[in-house]
Amino acid sequence: MSEFNYQINYGTQPAKLPAQPRIDPAAPLYASEDGVVASLSNNECIFQVKRSGETHVMTFQVLQALDQAREFRTLDEHVARILTTIPSLTAQRDDVMRVLDSLVKRKLLVADRDFLARAAVAPAREPAPLRAVFIRACDRPDQAAHLFASLADYERRHRANRHYVLVDDSSSREAANRHRDLLREFARATGCKLTYIGSAERERLVEKFARAVPQAAPILPGLLGGSGERGRFGGGSGWNLALLLSAGARAVLLDDDHRLPLRRLEDAREGLDPNPAAAATTRFFRNIENALGAGEEVEEDPFELHLAAVGHTLAAVTGQRRYAIEASALRGLTLSRLDHLRGDAPVLATHHGAYGSSRSEAGQWLYQLSPADRAEFTRDRDSYLRNVEMGSIWYGFRQARASGVANFTPFALDNSVMLPCTNPLGRGEDALFSRVTELCHGGSLMLELPVAVGHVQETQRKRSPLTLAAHTPRFNYFVADFIRTRLPEFSADDPAQRLHLLAAHLRDIAGASEAGRVRQLQEYLAYSRADLIERLQGQYDAAPDAPIYWQADVRSIIEANGRALIAPAAPRLGDWPEAIDASGCAQRLRTELGELAGCFEAWPALWNCAREQGERLLGAV
């Protein structure tokens, strides 16, 4: 059998097309099931529904009609499309309608209400309790002070009395001491339970896990950021520690440069957008103060807002009025694009946008905005030059959206099932975590809420030089893209087994010859840069009236990546030294893949050990 994604040649279009039907907004929408097809004879085939495995025998002409009804539309619209596309049926409207009616009866055309009913059914799932709110901090006590001030205001308003855990990666003793002072002040102001994890506490945890899981002892200092890895910092070590300390429960993650309250745009909408490719909204502001005051404050408890979704099934989430899916929102979407909307799909993470400083280190994505957002981005040259640095923006969604992966750090996590570790080193640990989570828990969801958290970095950063340079992804993005594009489909159901399979594939790459590893890097960089060129060229061609300064920068980015495509340079990833040669790149790739594979191999045993200890592990810190 072959996947039902072929193209059918319908011959020459008729000179006279049928009149387009008037769309009845109250009429139900229908879309054809996805399936696989095998030929039985010259005019008959067998169609197997991908979702259920049911088989149906039909003529190829009926299959053609089914092929033309993939998108959710009314029956009248489907009839008009079939009559327009298949010349031999132009004068047979009543016959085509009878065929579609029969496909509805055979459940090969799915009505919007039936699809939504399927997505609303799931076994009851009691979410795990919240273990704690984990805060990653590193040498930025001034930023942490703003965060704790906003958390103190939150506690005064909602009297939640939550448990807060500060995971301190600071290399400066002065910064660590200030963090401890902030915790003491916060405790006096709120009465909340607080836990501090600095270098000494982390060392004790590393030793504790090494005794409990001896085979993991060699990788623990790197995985959790022990004393041996101070020269190679990464935010993933604190993330991994939070995952172990919350094993078997739910958790909330904050960074020291975040701040409450959550805010939403004035035009935010209720409901869940079923389109997994829905575009985010970007707004630009004159300064950080304006960005911090944009939109309207979310009055309800921000933690409860996320906890009402994370750890629940999609059916339970969409059963809430604020996340209900409207039938009209299905229009134009195919069932293949809605595979993720299964009622029993667990929401393992919730996300939100950010207002203030951008969370991205480079801004190539700014040149792929929607026309409306691009108009604001390029309103005049002065604001454009300010906007390219992304120092005062709003980025997020106006309506909730569910998808299998997300690009930024989640706010709330359901760690009652084993969530994977991420790379303790380098930037992009959040994107890697998201991709590995999707691999380990196929069919799980990450829910983006239509709200945003404050994000204010310690200094205004100059991002335009990196934006205009050749695209050079970091190591964590290399691994995430490898998972997305190169891994075969895994059959194993156990997340731990899937993580071991991933580790084996990473070791396979690391075990290639030096020439083979160099070739892997060259192919990856060529693909990444060519893909960016193609997308930017499409934006450039579609916006002939865009301001000349926008066009000039798009051309500069395209040219920079074009030159990099043909330059005989070492295939360097973004984390590696500028002066590294090809042999050095191959060695770095082998070393870092081996280290990451070791983390993935040891993780299931460590997570299970942490889950068995439960809250005792955090209480013993």
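See above for the structure.
Residues numbered from 1 in each chain as written. Predicted model: local features only at pLDDT ≥ 70, side-chain atom pairs only at ≥ 80, totals over all residues. Heavy atoms only, no water.

A.B. asks: So what exactly am I meant to see when it comes to the pairing of strand β19 (residues 445-455) here?
C.D. replies: Two faces make up the sheet, and in a regular strand the side chains alternate between them. With respect to burial, β19 is a largely interior element, eleven of its eleven residues being buried. Here strand β11 (residues 258-264) pairs with β19 via three bridges, running antiparallel. Following the sheet pairing, Arg 263 is matched in β19 by Ala 452. In the sheet, strand β15 (residues 347-356) pairs with β19 via eight bridges, with the strands oriented parallel. Along β19, the bridge assignment pairs His 351 with Glu 448. (Buried < 20%, exposed > 50% of the residue type's maximum accessible area, 1.4 Å probe, protein only. Helix = DSSP H or I, 4+ residues; strand = E, 2+ residues; numbered from the N terminus. Pairing = 2+ DSSP bridges.)

A.B. asks: When you look at the packing of helix α9 (residues 236-245) against helix α15 (residues 429-440) in this model, what are you seeing that I'm missing?
C.D. replies: Each packed pair of helices is defined by two parameters, the angle between the axes and the distance between the axes. Between α9 and α15, the shortest axis-to-axis distance is 10 Å and the interhelical angle comes to 45°. Relative to α15, the element α9 lies oblique. The handedness of the crossing between α9 and α15 is right-handed. Between α9 and α15, the contacting residues are Gly 236, Trp 239 and Leu 243 on the first element and Glu 429, Asp 430 and Phe 433 on the second. Partitioning the contact of α9 with α15 into residue classes produces three nonpolar, one polar and two charged. (Axes fitted to C-alpha atoms, helices over the stretch in contact; angles between N-to-C directions. Parallel < 35°, antiparallel > 145°, perpendicular 65-115°, else oblique. Left-handed = near helix turned anticlockwise from the far one by under 90°. Contact = heavy atoms within 4.5 Å. Nonpolar A, V, L, I, M, F, W, Y, C, P; charged D, E, K, R; others polar.)

A.B. asks: How do you make sense of the pattern of salt bridges when you look at a structure like this?
C.D. replies: It is possible for side chains bearing opposite charge to pair when their charged atoms get close. Throughout the structure, instances matching the rule amount to 37 salt bridges. With a shortest N-O distance of 2.6 Å, Arg 140 and Asp 256 are connected by a salt bridge. Taken together, the positions of Arg 140 in the loop between β7 (130-137) and α5 (141-158) and Asp 256 in the loop between β10 (250-255) and β11 put the pair 116 residues apart, joining distant regions of the chain. The partner of Arg 507 in a salt bridge is Glu 601, with the nearest N and O atoms 2.9 Å apart. Here Arg 507, found in helix α18 (residues 495-510), pairs with Glu 601, found in helix α21 (residues 582-613); they are 94 residues apart in sequence, far enough to count as distant. Judged by its relative accessible area of 38%, Arg 507 falls in the partly exposed class. The exposure class of Glu 601 is partly exposed, given its relative accessible area of 30%. A single salt-bridge network, built from bridges that share partners, covers Arg 140, Asp 256, Asp 257, Glu 458 and Arg 461. (Salt bridge = Lys/Arg side-chain N within 4 Å of Asp/Glu carboxyl O.)

A.B. asks: Looking at this structure, how should I read helix α20 (residues 548-566)?
C.D. replies: Because an α-helix completes one turn every 3.6 residues, residues spaced three or four positions apart along the sequence face the same direction. Between its first and last C-alpha, α20 extends 27 Å over 19 residues, near the 27 Å set by a 1.5 Å rise per residue. On its buried face, α20 is in contact with α13 (371-377), α14 (381-387), α16 (464-468) and α19 (514-542). (Expected span 1.5 Å × (residues − 1).)

A.B. asks: Would you mind showing me how to read the packing of aromatic side chains here?
C.D. replies: The geometry of an aromatic ring pair is captured by two quantities: the separation of the ring centres and the angle between the planes. Summed over all chains, the structure comprises 16 aromatic pairs. Judged by centre distance (5.2 Å) and plane angle (85°), the ring pair of Tyr 164 and Phe 186 falls under edge-to-face. Separated by 22 residues along the polypeptide, Tyr 164 in strand β8 (residues 164-168) and Phe 186 in helix α6 (residues 173-190) bring together distant segments of the chain. Taken individually, Tyr 164 and Phe 186 each receive the classification buried, so the pair is uniform in this respect. Centre to centre, the rings of Tyr 367 and Trp 550 are 6.4 Å apart; their planes meet at 40°, and the pair counts as tilted. Taken together, the residues Tyr 367 in the loop between β15 and α13 and Trp 550 in helix α20 connect sequence positions 183 residues apart. For Trp 550, a relative accessible area of 0% corresponds to the buried category. Grouped by ring-pair contacts, the aromatic residues Phe 284, Tyr 367, Phe 377, Tyr 384, Tyr 549 and Trp 550 constitute a single cluster. Directly above the aromatic system of Phe 408 lies the positively charged group of Arg 359, at a separation of 4.0 Å from the ring centroid. Between the NZ or CZ atom of Arg 374 and the centre of the ring of Trp 550, over which it lies, the distance is 5.4 Å. (Phe/Tyr/Trp six-rings, centres within 6.5 Å; stacked < 30°, edge-to-face > 60°. Lys NZ or Arg CZ within 6 Å of the ring centre and 35° of its normal.)

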